[in-house]
Amino acid sequence: MENNQPVTRKFKILLLTNRDSDNVGDQVIEASDIALLHSVMQNLNIEKENYQINSRSASVVTKKYMDTRDPELLEGAKRAIEQADLILFGGAPVFNYGYQKFYERTAITLELAKEFNKPVIFSAVGVEAYHEKNKKCQRLKETLNFDCVKQITTRDGLDKLEKYKENENITIGLVSDPAVFSANVFDRYIHGRVVIKKRFKIFPVKVVEPPKKPGKKKIGIFVLRANGFTDNHVDFTREQAAELWVDVVRLLQEREYDYELITSGHFGDEAFLDYMIRKYNIPQNKCVFNINCPETLFKQMAKYDGVISCRLHPSIISFSMNIPAVSLVWNTKVTGFYNGIGYPQRAIDRSGFDAETIVNTLEQAMEEGIVKDEEYLMSVYTSLFYGIRNILCPENSDIQPYNYEQLIEAIPLYQGTSESEKLEKLQRKFRRTYDLCNKRLDENQKLKEQIVELKERNTKN
């Protein structure tokens, strides 16, 4: 018989996400993870006063420590980990070692978890390609197989994850992204969308479209930073991207659509959007800047009938909001998501980077609508439930996870970004912009010094 006795022990959960990113998609992941965690704890009969969710950046191991290896700079991370009953990595780029250094922060975090004997779950993380001879990859692999790691799930790379796993006690799996529930979490900021509790219908019923809005259908175009494709080994330059978006806009206008070019907040994406205004005469009043918090993004996206995106999370949010979307593939995680939701044709690879293909594919998606598979949606919650139950409440191991309707009823709404939090987000965004500017100045200074040195050599010769 199911054990329904309330759990009275107090728990601390350390949630590590990419919450400090100015890419609002990462902030949506954090909010969705928190909502799912609250739902799991309620599902386990743990009252709110008996648990605490400490949401921190996945870079709890700070950049200053990474640069200096000063042990005093690791004390904050040690305290957070030592005080936790569970460490949960939620959707952060914890495996990234290609052109980012997150893998080392992850490895150090896991070493601390091992030191303090704290259980770790990775939930719906992206997974980079596995390379047997890459020292960074092998460094990560070693720590991922510590006994403190209990569960690793991925939204897009199970075949790669299988190559990392050696510890047979670790549970792995393929799950949906937590942001598939984001429309439910941010429901109060969405006007007129059919996502409200009790009105949302699931597979095999086709999603009911909201009432037609007056005027032209509006398409949201989410652009990517200038070097976003080339950084991921896709041969598609800034100039090619700008010309493509100009062609897409022209074709949308010819087919009598309204449109907006928008970003999900990353300062590099905004810089590229500004570049298009200045160099390609994109009308400024058709560009949306300053998407700095999740509710702003949802309010804006609620205006769209279709979405063309490069960034992954606008695609996932669109799916959650029942807005048909297509995406340009710059990373395998884009393909993985569209395969997962059953619409692989809506992920457009490099050979289809032309306006005709993109707009035709979007129109087809808008005609077909969206059908959702309940089992796919629930996979991220169900795996998280079992992982947490087995760690925090093994004595209640007969409690079963909510079904879809129960979860939608239980999932808490996002309460909004406070004014102080908005200011913090802007400050972080400005700091990254200043940091990039200073790096460019340093690089220019070194180049100038090299030019002077070369001139002196030529003069002597």
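One can find the structure itself at the top, above this paragraph.
Here the structure is a predicted model, which is why all the values come from computation and not from measurement. (Residues numbered from 1 in each chain as written. Predicted model: local features only at pLDDT ≥ 70, side-chain atom pairs only at ≥ 80, totals over all residues. Heavy atoms only, no water.)

So, about the sheet that holds strand β3 (residues 86–90). The 6 strands are arranged β2-β1-β3-β4-β5-β6 in an open sheet whose pairing can be described as parallel. In this open sheet, the two strands that pair with only one neighbour each are β2 (51–57) and β6 (171–174). Sheet twist, expressed as the mean angle between neighbouring strand axes with direction ignored, is 15 degrees. The pairing of strand β5 (residues 149–154) with β6 spans 4 bridges and is classified as parallel. From the neighbouring strand, T154 faces β6, where its bridge partner is L174. (Pairing = 2+ DSSP bridges. Helix = DSSP H or I, 4+ residues; strand = E, 2+ residues; numbered from the N terminus. Axes fitted to C-alpha atoms, helices over the stretch in contact; angles between N-to-C directions.)

Another point: helix α4 (residues 102–115). Taking 1.5 Å per residue as the helical rise, α4 with its 14 residues ought to reach 20 Å, and the 20 Å between its terminal C-alpha atoms agrees with that figure. Listing the buried residues of α4 in full gives F102, Y103, E104, R105, T106, A107, I108, T109, L110, L112 and A113. Positioned one or two residues after α4, N117 has a phi angle of 55 degrees, which is positive. (Expected span 1.5 Å × (residues − 1). Buried < 20%, exposed > 50% of the residue type's maximum accessible area, 1.4 Å probe, protein only.)

On the secondary structure map, S318 appears in helix α12 (residues 312–320). Judged by its relative accessible area of 0%, S318 is buried. If we ignore the near neighbours within four places in the chain, the residues touching S318 are M301, V307, I323, A325 and I370. (Contact = heavy atoms within 4.5 Å.)

Attention shifts here to the sheet that holds strand β8 (residues 258–262). What the 6 strands build is an open sheet, ordered β9-β8-β7-β10-β11-β12; its pairing is parallel. Both edges of this open sheet fall to β9 (287–288) and β12 (347–348), since each of them pairs with a single strand only. Where strand β10 (residues 306–309) meets strand β11 (residues 325–328), 3 bridges bridge the pair, whose relative direction is parallel. Counterpart to I308 in the pairing with β11 is V326. Against the sheet, helix α14 (residues 355–368) contacts β7 (218–222), β10, β11 and β12, and its axis sits at roughly 150 degrees relative to β11.

The contact between α4 and helix α5 (residues 135–144) brings their axes to 9 Å, and the two run at 25 degrees. Viewed along their axes, α4 and α5 adopt a mutual orientation that is roughly parallel. Seen from above, α4 lies across α5 with left-handed handedness. Facing Y103, E104, T106, A107, I108, L110 and E111 of α4, the residues of α5 in contact are K136, R139, L140, T143 and L144. (Parallel < 35°, antiparallel > 145°, perpendicular 65-115°, else oblique. Left-handed = near helix turned anticlockwise from the far one by under 90°.)

Let's shift gears to the side chain of T106. Along the chain, T106 turns up in helix α4. Residue class for T106 comes out buried when judged on its relative accessible area of 1%. Those residues in contact with T106 that lie beyond four places of it in its chain are F89, V94, F122 and L140.

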